[in-house]
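Letter by letter, the chains look like this.
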Amino acid sequence: MSLSILYSRAGGLQAPLVTVEVLLTNGLPALSIVGLPETAVKESKDRVRGAIINSQFEFPVRRITINLAPADLPKEGGRFDLAIALGILLSAKQLVLPKNTENECHLLMEHYEFVGELALSGQLRSVKGILPIAIQAHKNQRTLIVPEENGLEASLIKGLQVYTARNLLEVCAFLKGEQSLIKPCIDTPINSSNYTMCLSDIRGQQYAKRALEIAAAGQHSLLMKGPPGTGKTMLASRLVTILPEMSDEEAEQVAAIRSVCGETVDVHNWAKRSFRVPHHTASGIALVGGGSYPKPGEISLAHHGVLFMDELPEFSQKVLEVLRQPLESGKIAISRVAQQVEFPASFQLIAAMNPCPCGYWGDSQNNCRCTSEQVQRYQNKLSGPFLDRIDMHIEVPALLQGDLQKSSDHIETSSVVKERVVKAQQRQIKRRKYCNAHLSNKEIEQDCVLSTENQKVLNKTMDKMHLSARAYHRILKLSRTIADLEGSELIQLHHLTESIAYRKIDYFQ
């Protein structure tokens, strides 16, 4: 009987540790894998057999039992192939490490984690979700050995000892001390602010630009309503150019989500904020995540970034309603029979819509072809509770010809606006360690104090506009953000009235 123990990691954002135990015993030749493996893991025995034979080793003609612990953790994918193959070779004494006893061999393997799928030829293939694995390996102070294609992505984690290999033979030679493996290195600096877009690309729409700046400063959600061709999509796409840089921890979280979803992580631009634009045919699961083995959806891919929903009423009402809870909490919990998973979803929602199906209702030239019933039906697709959760509602009117012909020389650039946004967010973080959009009701009472006269103005507005308690708190948070942009300690009357102006649109007139 011969037992070997190695370490790998399961998929997902948490990348839990998986102990790969390989036991060789006498008996009829067989190979069994236990520990809640799904189909791709069960099939690893055929990949491992071919890889071992084609790597100039002999596959043991004995009874082989492979246990993937913990037993109640679902295992999926081919990420365990490398650890399983090495465990078989160690147990069969075909891979002899430069140690004298089995205990010393175990102590040596204690310092490594192995991740990689094997081809029948013995070549190593890349796997999804390598970044969360790298983060956890670094926390546990272990050396990570991964396929060559995953090397640069894993090397994004500062301080992690990571090696890459092209095939099983290279890993075996490295463990025996016969050759070294490559340490991946990013040879060009990471760029997080090199955008080809700029706010100066947009002519006119000063009111909308001001709203965009306030949304960026306080991380508020924004709904833009206007006819086609007024610049709503251009405005939304420029929001990321005026947002502050992400911290290293935030960048790691965002890149880890992309990695788990199988998206390519650009190692030179990985710290850029996400700008996700799901199509209106997207399902609820596509937006919030899910599946038999839950994966993050669009709202998690927009974590610390922007989720832009164009043609908002065209989305299914059920799809829109699933956004209500993550808009408030900044996270999404997905429950399945086998497991419960929580994904981060702290995103800024920017939405755009036309006023009616043809897009020209309320146009000064009377170009609208819709009946009043069609307009009502179109606007009623958005429920009151959903709209109530969006902080700012603005009109984006049609542009005048004179605005289109103006030069961009005297238009504020994204870098100028970004300076004001950064200063405003620094004031908020110094006060509460997060932005105003995330203030609790108790914190609003402490940070958004109004004078007696200003409180009367707000009370009259609430009665006249029939606003909810949630809208009341959102107006206060918006007022606080506007004051922060001006560097004011107190909320003044003009701060309050401006924030009220962003709640005035009546979508059901």
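Rules used throughout
- Residues numbered from 1 in each chain as written.
- Predicted model: local features only at pLDDT ≥ 70, side-chain atom pairs only at ≥ 80, totals over all residues.
- Heavy atoms only, no water.
- Helix = DSSP H or I, 4+ residues; strand = E, 2+ residues; numbered from the N terminus.
- Contact = heavy atoms within 4.5 Å.
- Core = buried A, V, L, I, M, F, W, Y, C linked by side-chain atoms within 4.5 Å.
- Buried < 20%, exposed > 50% of the residue type's maximum accessible area, 1.4 Å probe, protein only.
- Pairing = 2+ DSSP bridges.
- Axes fitted to C-alpha atoms, helices over the stretch in contact; angles between N-to-C directions.
- Parallel < 35°, antiparallel > 145°, perpendicular 65-115°, else oblique.
- Nonpolar A, V, L, I, M, F, W, Y, C, P; charged D, E, K, R; others polar.
- Phe/Tyr/Trp six-rings, centres within 6.5 Å; stacked < 30°, edge-to-face > 60°.
- Lys NZ or Arg CZ within 6 Å of the ring centre and 35° of its normal.
- Salt bridge = Lys/Arg side-chain N within 4 Å of Asp/Glu carboxyl O.
- Arc of directions from axis to C-beta.

**Concerning the environment of Tyr-293**
Inference 1: Mapped onto the secondary structure, Tyr-293 falls in the loop between strand S12 (289-290) and strand S13 (295-296).
Inference 2: With 48 residues separating them along the chain, Tyr-293 and Val-341 place their C-alpha atoms 9.4 Å apart.
Inference 3: In this structure, Tyr-293 is in contact with Glu-38, Pro-74, Lys-75, Glu-76 and Gln-339, ignoring residues within four places of it in sequence.

**Notes on the nonpolar core**
Inference 1: Core analysis: the biggest nonpolar cluster contains 57 residues, and Leu-144, Ile-299, Met-309, Leu-312, Phe-347, Leu-349 and Phe-386 have the highest contact counts within it.
Inference 2: Those residues in contact with Leu-312 that sit more than four places away from it in its chain are Leu-223, Leu-320, Ala-351, Ala-352, Met-353, Leu-382 and Phe-386.
Inference 3: Counting residues in hydrophobic clusters, the runner-up holds 44 residues, among them Val-18, Ile-64, Ala-83 and Ile-145.

**Overview of the sheet that holds strand S2 (residues 17-25)**
Inference 1: One open sheet accounts for 4 strands, arranged S1-S2-S4-S3; its pairing is mixed. Both outer strands of the open sheet, strand S1 (2-9) and strand S3 (30-34), are each paired with one neighbouring strand and no more. Averaged over neighbouring strand pairs, the angle between their axes works out to 15° when direction is ignored.
Inference 2: Here 7 bridges tie S2 to strand S4 (residues 63-69), and the two strands are oriented antiparallel to one another. Along S4, the bridge assignment pairs Glu-21 with Asn-67.
Inference 3: Of the strands in this sheet, S1, S2, S3 and S4 are in contact with helix H3 (residues 81-91), which crosses S1 at around 160°.

**Concerning the environment of Leu-3**
Inference 1: Among the structural elements, Leu-3 can be located in strand S1.
Inference 2: On the basis of relative accessible area, Leu-3 is assigned to the partly exposed category, the value being 49%.
Inference 3: Along the primary structure Leu-3 and Pro-278 are separated by 275 residues, whereas in three dimensions their C-alpha atoms are 50 Å apart.
Inference 4: Residues contacting Leu-3, with those up to four places away along its chain left out, are Glu-21, Val-22, Leu-23 and Ser-91.

**Some details on the sheet that holds strand S9 (residues 162-165)**
Inference 1: Overall, parallel pairing links the 3 strands, which are arranged S5-S8-S9 in an open sheet. The open sheet has two free edges, formed respectively by strand S5 (112-114) and S9, since each of these has just one partner strand. The sheet shows a mean angle of 25° between the axes of neighbouring strands, taken without regard to direction.
Inference 2: Relative to S9, strand S8 (residues 143-147) runs parallel, the two being bridged by 4 bridges. When the bridges of S9 are listed, Pro-147 appears paired with Ala-165.
Inference 3: Most of the contacts of helix H7 (residues 168-175) go to S5, to which it runs at about 170°, and overall it touches S5, S8 and S9.

**Considering the environment of Gln-340**
Inference 1: Mapping Gln-340 onto the fold places it in strand S16 (residues 340-344).
Inference 2: Residues Gln-340 and Val-306 lie 34 residues apart in sequence; the distance between their C-alpha atoms is 26 Å.
Inference 3: Residue contacts for Gln-340: discarding those within four places in its chain leaves Ile-334 and Ser-335.

**Considerations on the packing of helix H8 (residues 206-218) against helix H21 (residues 469-486)**
Each packed pair of helices is defined by two parameters, the angle between the axes and the distance between the axes.
Inference 1: With their axes 9 Å apart at the nearest point, H8 and H21 run at an angle of 95° to one another. As judged from the angle between their axes, H8 and H21 are roughly perpendicular. Of the residues in H21, those in contact with Arg-210, Glu-213, Ile-214, Ala-217 and Gly-218 of H8 are Leu-478, Thr-481, Ile-482 and Leu-485.
Inference 2: Looking at the contact of H8 with H21 residue by residue, the classes come out as 5 nonpolar, 2 polar and 2 charged.

**Considerations on the packing of aromatic side chains**
Inference 1: A full pass over the atoms with the stated rule returns 5 aromatic pairs.
Inference 2: Each ring, one from Tyr-163 and one from Phe-174, has its centre 5.0 Å from the other, and the planes form 45°; the classification is tilted. Placement of the pair is Tyr-163 in strand S9 and Phe-174 in helix H7, with a sequence separation of 11 residues. Residue Tyr-163 shares its accessibility class with Phe-174, and that shared class is buried.
Inference 3: With a centroid separation of 6.0 Å and an interplanar angle of 20°, the aromatic rings of Phe-275 and Phe-308 are classed as stacked. Taken together, the residues span a long stretch of sequence, with Phe-275 in strand S11 (residues 275-276) and Phe-308 in strand S14 (residues 306-309) at a distance of 33 residues.
Inference 4: With relative accessibility at 26%, the residue Phe-275 sits in the partly exposed group.
Inference 5: The positively charged end of Arg-49 is found above the aromatic ring belonging to Phe-59, 4.4 Å away from the centroid.
Inference 6: Of note, Arg-142 hangs over the ring of Tyr-7, and the distance from its end group to the ring centre comes to 4.6 Å.

**Let's talk about the pattern of salt bridges**
Inference 1: Scanning all chains against the criterion turns up 27 salt bridges.
Inference 2: The partner of Arg-420 in a salt bridge is Glu-412, with the nearest N and O atoms 2.8 Å apart.
Inference 3: Residue classification places Arg-420 among the partly exposed residues on the basis of a relative accessible area of 27%.
Inference 4: According to the relative accessible area criterion, Glu-412 is partly exposed, its value standing at 41%.
Inference 5: Look at the salt bridges and you will find they share partners, linking Glu-328, Asp-388, Arg-389, Asp-391, Arg-470, Arg-474 and Arg-503 into a network.

**Structural notes on helix H15 (residues 372-379)**
Inference 1: Considered for burial, the residues of H15 that qualify are Val-375, Tyr-378 and Gln-379. Buried positions in H15, seen along its axis, are confined to an arc of 90° and lie on one side of it.
Inference 2: Considering only its buried residues, H15 is in contact with strand S10 (222-225) and strand S17 (348-353).

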